[in-house]
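# Inside the fold
The chain contents come next:
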Amino acid sequence: MHNDIKEILITEEEIRSKCKELGKQLAEEYDGKFPLAVGVLKGAMPFMSDILRYTDCHVEMDFMDVSSYGNEMRSTGEVKIVKDLNTQVEGRDLIIIEDIIDSGLTLSYLVDLFKYRKAKSIKIVTLLDKPEGRTTELKADLVGFNVPNEFVVGYGLDYVEKYRNLPYIGVLKPEVYGG
Ligand code: XMP
Ligand code: MG
């Protein structure tokens, strides 16, 4: 375990078997279709790669990079598009792939945007959900794991751009972020 990590919440093995389960579920739901998977950079990168390798149907992949104003631990809901999709959304079945839903503000913004762009359907798949942090009505269609209202890192999730490469989800030691 990395020296800055206080506790591992979700192990590498648990993540792997969950990705298989979710990937197969998506394959059943989109059988015979050609959905567009939209990965939200950068956090969703490992999760998207791992679930879609188990999604045995045609899937197009694209990425969106959004930054929300706020500090490095919480978003404010004011979202800025840093990198937009290269793909037309109109008439497409979208699968938004996210690392974590906290307040729900980031995804509410994206869902509204894709509705405005006339997506045919929109599903949200998130690795982690922090239901206690929610300030919006937003609900994911598929959730890997619920996590407590603590700042978590690893497997795509960062603290000031570190720890995304860890293979598990863990909680940082408070001294690492001056807590
Ligand atoms: P909202 O509040 O918009 O937040 O649902 C989603 C975004 O906030 C970040 N976030 C976290 N990032 N560990 C992180 O590394 C966390 O515990 C955490 N909670 C929220 C994340 O960027 C996510 O996309
Ligand atoms: Mg982040």
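Preceding this section is the structure that the text describes.
All of the points below concern the structure found in this document. Remember, it's a predicted structure, so these values are computed and weren't measured experimentally.

About the criteria used
The residue numbering used here restarts from 1 in each chain and proceeds along that chain's sequence as written. Just so you know, chain letters begin at A and ligand numbers begin at 1, following the order they were written in. The model is predicted, so local features are restricted to residues of pLDDT at least 70 and side-chain atom pairs to those at 80 or more, both for listing and for counting; the totals for chains, interfaces and linings are taken over all residues. Water and hydrogen atoms play no part in the side-chain values, which are based on all heavy atoms of the structure. Numbering of helices and strands runs from the N terminus; a helix is a DSSP stretch of H or I covering at least four residues, while a strand is a stretch of E covering at least two. Whenever two N or O atoms come within 3.5 Å, that pair is a polar contact, provided that in protein one can donate a hydrogen and the other can accept it, and provided that, for residues adjacent in sequence, both atoms are side-chain atoms. The contact criterion used throughout is that any non-hydrogen atoms of two residues lie within 4.5 Å. Here a strand pair is declared whenever DSSP counts at least two bridges between the two strands. Salt bridge, as used here, is a side-chain nitrogen of Lys or Arg placed within 4 Å of a carboxyl oxygen of Asp or Glu. Exposure is judged per residue with a 1.4 Å probe applied to protein chains only, and the accessible area is read against the type maximum: over 50% gives exposed, under 20% gives buried, and values in between give partly exposed. Nearness of a residue to a molecule or strand requires only that one of the residue's heavy atoms be within 4 Å of it. Reported accessibility uses the Shrake-Rupley method at a 1.4 Å probe radius. Residues are deemed covered only where the shown protein chains occlude them.

## Here's the deal with the side chain of Arg92
Mapped onto the secondary structure, Arg92 falls in the loop between strand 4 (79-83) and strand 5 (93-101). Separated by 2.9 Å, the side chains of Arg92 and Glu60 make a polar contact. Apart from residues lying up to four places away in sequence, Arg92 is in contact with Phe34, Pro35, Leu36, Glu60, Thr87, Ala119, Lys120 and Ser121.

## As for the sheet that holds strand 9 (residues 169-172)
With respect to topology, three strands assemble into an open sheet ordered 1-9-8, the strand pairing being antiparallel. Pairing within the sheet leaves two strands with one partner each, and these edge strands are strand 1 (5-10) and strand 8 (152-153). Of the pairings in the sheet, the one linking strand 1 to strand 9 comprises four bridges and is antiparallel in character. Counted as the bridge partner of Ile5 is Leu172 from strand 9.

## Focus on the pattern of salt bridges
By the definition in use, this model includes 12 salt bridges. Note that Arg92 is salt-bridged to Glu60, the shortest N-O span being 2.9 Å. In this pair, Arg92 is assigned in the loop between strand 4 and strand 5 and Glu60 in strand 3 (residues 60-68), connecting sequence segments 32 residues apart. According to the relative accessible area criterion, Arg92 is buried, its value standing at 16%. On the basis of relative accessibility, which here comes to 23%, the residue Glu60 falls in the partly exposed class. Between Arg117 and Asp84 there is a salt bridge; the shortest N-O distance is 2.7 Å. Of the two residues, Arg117 is situated in the loop between helix 3 (105-116) and strand 6 (121-129) and Asp84 in the loop between strand 4 and strand 5; the sequence distance between them amounts to 33 residues.

## Regarding the site of ligand 1
Inspection of the region around ligand 1 gives 16 residues, with Ser103, Gly104, Thr106, Val152 and Asp158 positioned closest. With respect to ligand 1, the side chain of Ser103 contributes an N or O atom lying 2.4 Å from an oxygen atom. Between ligand 1 and the protein, one listed contact pairs an oxygen atom with a backbone N or O atom of Gly104 at 2.7 Å. Alone, ligand 1 offers 510 Å² of accessible surface; in the complex the protein occludes 88% of this. Of all the secondary structure elements, the ones that give two or more residues to the shell around ligand 1 are strand 5 and helix 3. The dominant element in the shell around ligand 1, judged by the number of residues it contributes, is strand 5, at four residues.

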